[in-house]
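# Chains, contacts and geometry: an overview
Each chain is listed here by its residues.
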Amino acid sequence: MFTHTIRFKFIVFILAILLVLLVLLNTYPIVSSRDTVFQEKQSSMASQVTVVSSALASLDRLSEEGVSDVLRFLDLSGFDRIIVVNSAGTPVFDDGQTPINLEDVRTALEGKSVFRSVFAGGAFESSIAVPVGSRNAVIGAVSLYETDTERADIILSIQHRFAILSMLIGAAALILAVLFSWIVLRRLTRLAGSMHTVAGGDYTHRHEITGNDEISELGEEFNALTARLETNEDQRRRFVSDASHELKTPLASIRLLSDSILTTEQMDEGTMREFVSDIRTAADRLQRTTEKLLDLSRLDDGVRLIPEPVDLKQITLDALPGICVLARESKVTVNTQLDDGCVIMASADEMSRVVFNLAENAVKYNVPGGSVSITLSKDDENVRLTVADTGIGIPEEDRLNIFTRFYRVDKARSRASGGSGLGLSIVHDAVLAYGGSIDVGSNRPQGSVFVVSFPRPSSEDTGI
Ligand SMILES: Nc1ncnc2c1ncn2[C@@H]1O[C@H](COP(=O)(O)OP(=O)(O)O)[C@@H](O)[C@H]1O
Ligand SMILES: [Mg+2]
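No experiment lies behind these values; they were computed from the predicted model shown. Note on numbering: residues in each chain are counted from 1, in written sequence order. Going through the entries in the order they are written, you letter the chains from A and number the ligands from 1. The predicted origin of the model limits local features to residues at a pLDDT of at least 70 and limits the giving and counting of side-chain atom pairs to 80 or more, whereas totals for whole chains, interfaces and linings rest on all residues. Excluding hydrogens and water, the side-chain figures rest on all heavy atoms present in the structure.

Moving on to the sheet that holds strand β4 (residues 123-133). Two strands pair under a simple rule: DSSP has to find at least two bridges between them. The secondary structure listing takes helices from DSSP runs of H or I that are at least 4 residues long and strands from runs of E that are at least 2 residues long, numbered from the N terminus. Here we have five strands laid out as an open sheet, ordered β2-β1-β5-β4-β3, and antiparallel in their pairing. The open sheet terminates on both sides in strands that have one partner only, identified here as β2 (91-94) and β3 (114-120). Direction aside, the axes of adjacent strands within the sheet are offset by 10° on average. As paired strands, strand β1 (residues 81-86) and β2 are joined by three bridges and run antiparallel to one another. Within β2, the position partnered with I83 by the bridge is D94. By definition, residues are in contact when any of their heavy atoms lie within 4.5 Å. For helices, the fitted axis covers only the stretch in contact; all axes are lines through C-alpha atoms, and the angles between them, taken along N-to-C directions, range from 0 to 180 degrees. Each of β1 and β2 is contacted by helix α2 (residues 64-72), which is oriented at about 35° to β2, the strand it contacts most.

Take a look at the structure:
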């Protein structure tokens, strides 16, 4: 409904402000100039009536002849009606028909002055009544009446001009308000259109930014958000396709091998055992991959185990026997140099995985006769775990990617060794989850170095 739109509210708001302003513009100046005229009238009439009353006070008694004689010498042409009454209240002079309020004259006989002025019917009607004589001997009263259309005309014409001006201002403001709201709201509507497009699943869409104001900022933020969504969506898609590919391959070989066993009549036991052992290898791989996927999804969920003090030296010593078995098979030697007191706040399980994955890679991607060295050290701020090897190394251009899920530098070699490309992303996510950082570089003269560094917890945290 139109009344719910911002445009409607905006225009109503502008109109309300305008209305208040115009009402003020049309009343305040008129009221204040009217008041000025009243004051002016009061002082001019007061001084004139004083002249008349003091002239009349020279008489002992107010009689018709006496009063007319006195008034003849005064210039009273500006007044529409002059009334003089004697002490009994009987008019002794009255020269007009203008309707008047006799009440004021009676009040004046009691010794008080009365001034009145009204602005009505396009004229200022003013009257003043004062006593004649001294305070204790009032011999009568005089009252003057005046109708001023000249000033009234000026005020009316000002009022008229203000009215026309108000209409012009009102019309101009309304046009501007409509125009402004149209321009602003059209841009918002366009932005909403872009949001709609992106919400529909088109993450490649970018909002076209115009201008350089808050709405443009909104558009830029929206574009940044969309870009992040696009990246996430890409990663998700790649992850799903990589994961299904990873599961499909061993499943296909299990299927193929079991088909062969079923369809071959009288297979000799040797071949049969070989096939079954291949099935077992494929099943192992499936199991490893699904376990790692579960690890990763747990890391993704952010369900963190509550950090506890973990001694990395103990963790490494516990992992060593497993590593050494692999190392012996690959004819690789393992050296360690482990400092005491390398305690961090983390989860022991996840730290075992970090150490094992790094050491396993260092053995797996090594050469016969090569070596692996695992070092643990600490300084005032950090605890550092370094796993260096003399193996095949990682090409510079692959280093950024090796922490990505399913990424393998040499796909054939890695798969042959049972790798899924998930180990380093598990390491990476676990290290970051506990506030650490991980770096990879090359070892001299050959091989790779992985450096994991954690902030040292305060003794309050570890309780040591
Ligand atoms: N120490 C290393 N030396 C050489 N290449 C490595 C090393 N560690 C990891 N890589 C490369 O990084 C890839 C990703 O490692 P990882 O995530 O552990 O997966 P994988 O399951 O293949 O071991 C590996 O396939 C390998 O190509
Ligand atoms: Mg690995």
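Moving on: the pairing of strand β12 (residues 448-455). Where a strand is regular, its side chains alternate between the two sheet faces. Counting buried positions over the eight residues of β12 gives six, a clear majority of the element. One ladder, built from seven bridges, connects strand β10 (residues 382-389) with β12; its direction is antiparallel. Bridge assignment links V387 to a residue of β12, and that residue is F450. In this sheet, β12 lies alongside strand β11 (residues 437-442) in antiparallel orientation, the contact comprising six bridges. The residue of β12 that forms the bridge with I438 is V452. Remark: five residues form the turn of the hairpin made by β11 and β12, two consecutive strands paired antiparallel; G447 in that turn has positive phi of roughly 110°. Only protein chains enter the accessibility calculation, which uses a 1.4 Å probe; a residue whose area is less than 20% of its type maximum is buried, one above 50% is exposed, and one in between is partly exposed.

Once that is clear, we can look at the pairing of β4. Burial within β4 is extensive, with nine of its 11 residues counted as buried. Examined bridge by bridge, β3 and β4 share seven bridges and lie antiparallel to one another. Bridge pairing in β4 places R116 opposite S127. From the end of β3 to the start of β4, which pair antiparallel, there are two residues, and G121 there has a positive phi angle of about 60°. Looking at chain direction, β4 and strand β5 (residues 138-148) are connected through 10 bridges and run antiparallel. From the neighbouring strand, A129 faces β5, where its bridge partner is S143.

Quick look at a negative patch on the surface now. To count toward a patch, a residue needs a relative accessible area above 30% and no salt bridge. Like charges then connect within 9 Å, nonpolar side chains (Val, Leu, Ile, Met, Phe, Trp, Tyr) within 5 Å. For the area figures, the Shrake-Rupley method with a 1.4 Å probe applies, and any residue is considered shielded solely by the protein chains shown. For salt bridges, the criterion is a side-chain nitrogen of Lys or Arg within 4 Å of an Asp or Glu carboxyl oxygen. Asp and Glu are treated as the negative residues and Lys and Arg as the positive ones, with His and the ends of the chain left uncounted. To locate a charge, take atom NZ for lysine, CZ for arginine, CG for aspartate or CD for glutamate. A cluster of acidic residues, E214, E217, E220 and E221, forms a negative patch on the protein surface. Turning to its location among the elements, E221 is positioned in helix α5 (residues 214-263).

As a further point, take the domain arrangement of the chain. Taken domain by domain, the chain holds domain 1 (2-158), domain 2 (214-297) and domain 3 (305-462). Domain start and stop positions are those given by an automatic or database domain assignment. Put simply, the middle of domain 2 and the middle of domain 3, counted by C-alpha atoms, are 24 Å apart. Buried area is understood as the total, over both parts, of accessible area removed when two parts are fitted together, assessed with a 1.4 Å probe. Here domain 2 packs against domain 3, burying approximately 1,200 Å² in sum over the two surfaces, 60% of which is carbon and sulfur. It is E246, K292 and L296 in domain 2 that bury the most area against domain 3; as a group they hold 44% of the surface buried on that side. Counting across the interface, domain 2 meets domain 3 through one salt bridge. Ionic pairing is found between D295 and R353, a salt bridge with its closest N-O pair at 3.5 Å. N or O atoms within 3.5 Å of each other form a polar contact, as long as, within protein, one can give a hydrogen and the other can take it, and as long as residues adjacent in sequence are counted only when both atoms are side-chain atoms. At the junction of domain 2 and domain 3, the tally comes to zero residue pairs in polar contact (both at pLDDT 80 or more). Where the side of domain 2 that touches domain 3 is concerned, the elements lending two or more residues are α5 and α6 (269-301). Ranked by the residues each element gives to the side of domain 2 that touches domain 3, the list is headed by α6, at seven residues.

In this structure, S126 sits in strand β4. At a separation of 3.1 Å, a polar atom in the side chain of S126 contacts the side chain of S117. Here S126 is in contact with K41, M45, F115, R116, S117, L144, Y145 and E146, once residues within four sequence places are set aside.

Considering only enclosed or pocket space, the largest pocket measures out at about 420 Å³ in volume. Per element, the largest residue contribution to the lining of the largest pocket is six residues, and it comes from helix α8 (residues 348-364). Residue composition of the lining of the largest pocket, grouped by class: 12 nonpolar, nine polar and seven charged. Buried and open spaces are told apart on a 1 Å grid over the protein atoms alone, a cavity being a set of points where a 1.4 Å probe fits but cannot get out and a pocket being an open set with protein on both sides within 12 Å along at least five of seven lines. Residues with an atom within 4 Å of a point are the lining residues. Grid points are joined across faces, edges and corners, and a volume is the space filled by probe spheres set on the points. Residues are grouped as follows: nonpolar covers Ala, Val, Leu, Ile, Met, Phe, Trp, Tyr, Cys and Pro; charged covers Asp, Glu, Lys and Arg; every other residue, Gly included, is treated as polar.

Our focus in this paragraph is empty space enclosed by the protein. Taken as a whole and judged by the stated rule, the model has one cavity of 30 Å³ or more. Along its surface, the largest cavity is lined by R187, R190, H207, E208, I209, T210, I215, S216 and G219. Broken down by element, the residue count for the lining of the largest cavity peaks at three residues, all from α5.

As a further point, take α2. Those residues of α2 not exposed but buried are G66, V67, V70 and L71. Seen from one end, α2 has its buried residues packed into an arc of 125°, which puts them on one side. Turned more than 90 degrees away from the buried face of α2, the exposed residues are E65 and R72. Buried residues in α2 make contact with α1 (6-57), β1 and β2. The arc under discussion is defined with respect to the helix axis, by the directions toward the C-beta atoms.

One pass over the full model with this rule turns up 18 salt bridges. Across the pair E146 and K41 runs a salt bridge whose closest N-O atoms are separated by 3.1 Å. Here E146 is found in strand β5, whereas its partner K41 is found in helix α1, with 105 residues between them in sequence. Residue K41 is classed as buried on the basis of its relative accessible area of 5%. Two residues, R280 and D284, come together in a salt bridge whose shortest N-O distance is 3.8 Å. One end of the pair, R280, and the other, D284, are both in helix α6, four residues apart, so they sit about a helical turn from each other. Residue class for D284 comes out partly exposed when judged on its relative accessible area of 28%. Residues joined in a network through salt bridges with shared partners are K41, E146 and D148.

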